[in-house]
Amino acid sequence: MSDYQKLIIKKYPKVSTTKTSEVNFWKRFKSPIVIKEFGSVTSINFSPVSPYDFAVTASTRVQVYSSKTHQPKKTISRFKDIAYSGSFRQDGKLIVAGDATGLVQMFDGNSRAILRTFRSHMLPTQVTLFCNNKTNIMSASDDKTVRIWDIPTGESINIFEEHEDYIRAGAVSQDNPNLVISGSYDQTVKLWDMRQKESVMTMHHGAPIESLVLYPNGGAVISSGGPIIKVWDLLSGGRCMHTLANHQKTVTSLCLDGSASRLVAGSLDQHVKIYDVQDYKVVHSIKYPAPILSVGLSPDDTHLAAGMSNGLLSIRQRQIKSSEKALKERRQDYIRDGTYKYFMRGQSAAAANDDFVVESHRRTKLKKYDQLIKSFQYSHALDEVLKSSSQTPSIVVALLQELIHRDGLKQAITGRDDVSLEPLMRFLIRNIHQPRYTNLLVDVSEEVIDCYTRVFGQSPLIDDLLARLTTKVNAEIKLQKDLIKTIAALDMLFTKSAGN
């Protein structure tokens, strides 16, 4: 008896569903808050530090919104014309923005005071970003120039003049403080090194560039122009790795999530689409009431903000589950190999996912119905699985199949009174029409009828259940006949149409 094999539960194919874990994740961004701004929302930039407030640029002001209350905390309105590209520094303490007069201004994030004013651009400056070294600012203007500013002196230390049209997109490298990227309406993306006067790399997008995103490791850049998004490999000389054409109109804004594993793109076709950067396939799409001009996703992936051309600002928030918080804390508390804390972690420390664990051989514990089958108590085993038959019909079917193989089905169903026979009858009524179970349950029903033919009519309960089973079978037979007639009629129509 020691070589007894547990009951094998057959796994049936699952019904396909469109709701994946990815879709469920993005659908948790619920309860969109819609705020009317004073003009088109041209830029949304999240602070890199907690609590991840975000700067919204619209009309002649930059407003800093709280990520907790979703209300403006501070309003910067020191602009004489339309403001552009309000951006936080890496420490979240300073904000830089340009305007339609070409002016570039740097503000204190707390007092809103003007700390620096940079005057050299002659036309609107729509790109302003802090460089990774925190002491330089990149700006790009419609005067076709890219400038690098020194914050302490307020002077321009680099001027790049190779573009032939308006410059409306830019990005700074988080990996190398000397590298910046610009995108222009001359349809080119150029990589600049502050230590050289000329561009070190040029990529031709094929349409006016609207937005750029550089990967944190600096190995690739994503550009949008027209309805096309392209991914460029900087390590191989600017080779185009992917071309995405999932939008119907111009893609105006791009951003990455906190882990740089998802790309968020907003377009004038009123859609925000999320891409998986592993294969660059669309994993989710959100429809908005107006064309999208800017999108932003918080570093902790809890807030999704979108700015529209009609001045509406939409803020969606996702509530973090306790399990997600615990996982994030475990990752933060992860002890690196070779450290003193690693060697002193003690024997009670839990193993990491990539650790080799010597498994202990545990004695497999049999289910109650397996124990009963092992001891040849077939009737009791059938009663045991019928207790939860509504939740696990596959287990009941597997047991019935096993009893047929053991030639023990008749032993399991005979000798029952109306009370003990009722669960089996109800199970047959409930599942005999299921295609995956029909063949087996028809045989079981015939065996039940053969065993209890002589006593039918003595129990009103069993008679009623038998009548319901008969009605269910007749209804299924009628349905199958109707389906056959329908298929025949369709085949005749298709044959006739093919002949014509």
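Refer to the structure printed above.
Residues numbered from 1 in each chain as written. Predicted model: local features only at pLDDT ≥ 70, side-chain atom pairs only at ≥ 80, totals over all residues. Heavy atoms only, no water.

1. Concerning the sheet that holds strand S5 (residues 72-76)
Then, in step 1: Strand order in the open sheet formed by four strands is S2-S3-S4-S5, and the pairing between neighbours is antiparallel. The open sheet is flanked by strand S2 (41-46) and S5, the only strands paired with a single partner. Direction aside, the axes of adjacent strands within the sheet are offset by 20° on average. (Pairing = 2+ DSSP bridges. Helix = DSSP H or I, 4+ residues; strand = E, 2+ residues; numbered from the N terminus. Axes fitted to C-alpha atoms, helices over the stretch in contact; angles between N-to-C directions.)

2. Let's talk about the environment of Ser40
Then, in step 1: Inspection of the secondary structure assignment puts Ser40 in the loop between strand S1 (29-36) and S2.
Then, in step 2: Take Ser40: its relative accessible area is 30%, and that puts it in the partly exposed class.
Then, in step 3: Separated by 129 residues in the primary sequence, Ser40 and Ala169 have C-alpha atoms spaced 17 Å apart.
Then, in step 4: Filtering out sequence-adjacent residues up to four positions away, Ser40 remains in contact with Thr57, Ala58, Ser59, Leu293, Met308, Ser309 and Gly311.
Then, in step 5: Looking at Ser40, its side chain comes within polar contact range of the main-chain oxygen of Ser309, at 2.7 Å. (Buried < 20%, exposed > 50% of the residue type's maximum accessible area, 1.4 Å probe, protein only. Contact = heavy atoms within 4.5 Å. Polar contact = N/O pair within 3.5 Å; in protein donor to acceptor, adjacent residues only side chain to side chain.)

3. A closer look at the nonpolar core
In globular proteins that are soluble, nonpolar side chains generally tend to be buried together.
Then, in step 1: By size, the foremost hydrophobic cluster in this structure holds 39 residues, and its most contacted members are Leu382, Leu399, Leu400, Leu424 and Val448.
Then, in step 2: Of all elements in the fold, only helix H4 (368-374), helix H5 (378-386), helix H6 (393-405), helix H7 (409-413), helix H8 (418-431), helix H9 (438-452) and helix H10 (460-499) reach the threshold of two or more residues within this core.
Then, in step 3: Among the elements that line this core, the one with the most residues is H6, at seven residues.
Then, in step 4: Setting aside anything within four residues of it in sequence, one finds Leu399 in contact with Leu7, Ile373, Ala381, Leu382 and Val385. (Core = buried A, V, L, I, M, F, W, Y, C linked by side-chain atoms within 4.5 Å.)

4. Structural notes on H10
Then, in step 1: Taking 1.5 Å as the rise per residue, H10 with 40 residues should run 58 Å; its terminal C-alpha atoms sit 59 Å apart, in good agreement.
Then, in step 2: The complete set of buried residues in H10 reads Ile462, Leu465, Leu466 and Leu469.
Then, in step 3: Tucked into the core, H10 has its buried residues touching H8 and H9. (Expected span 1.5 Å × (residues − 1).)

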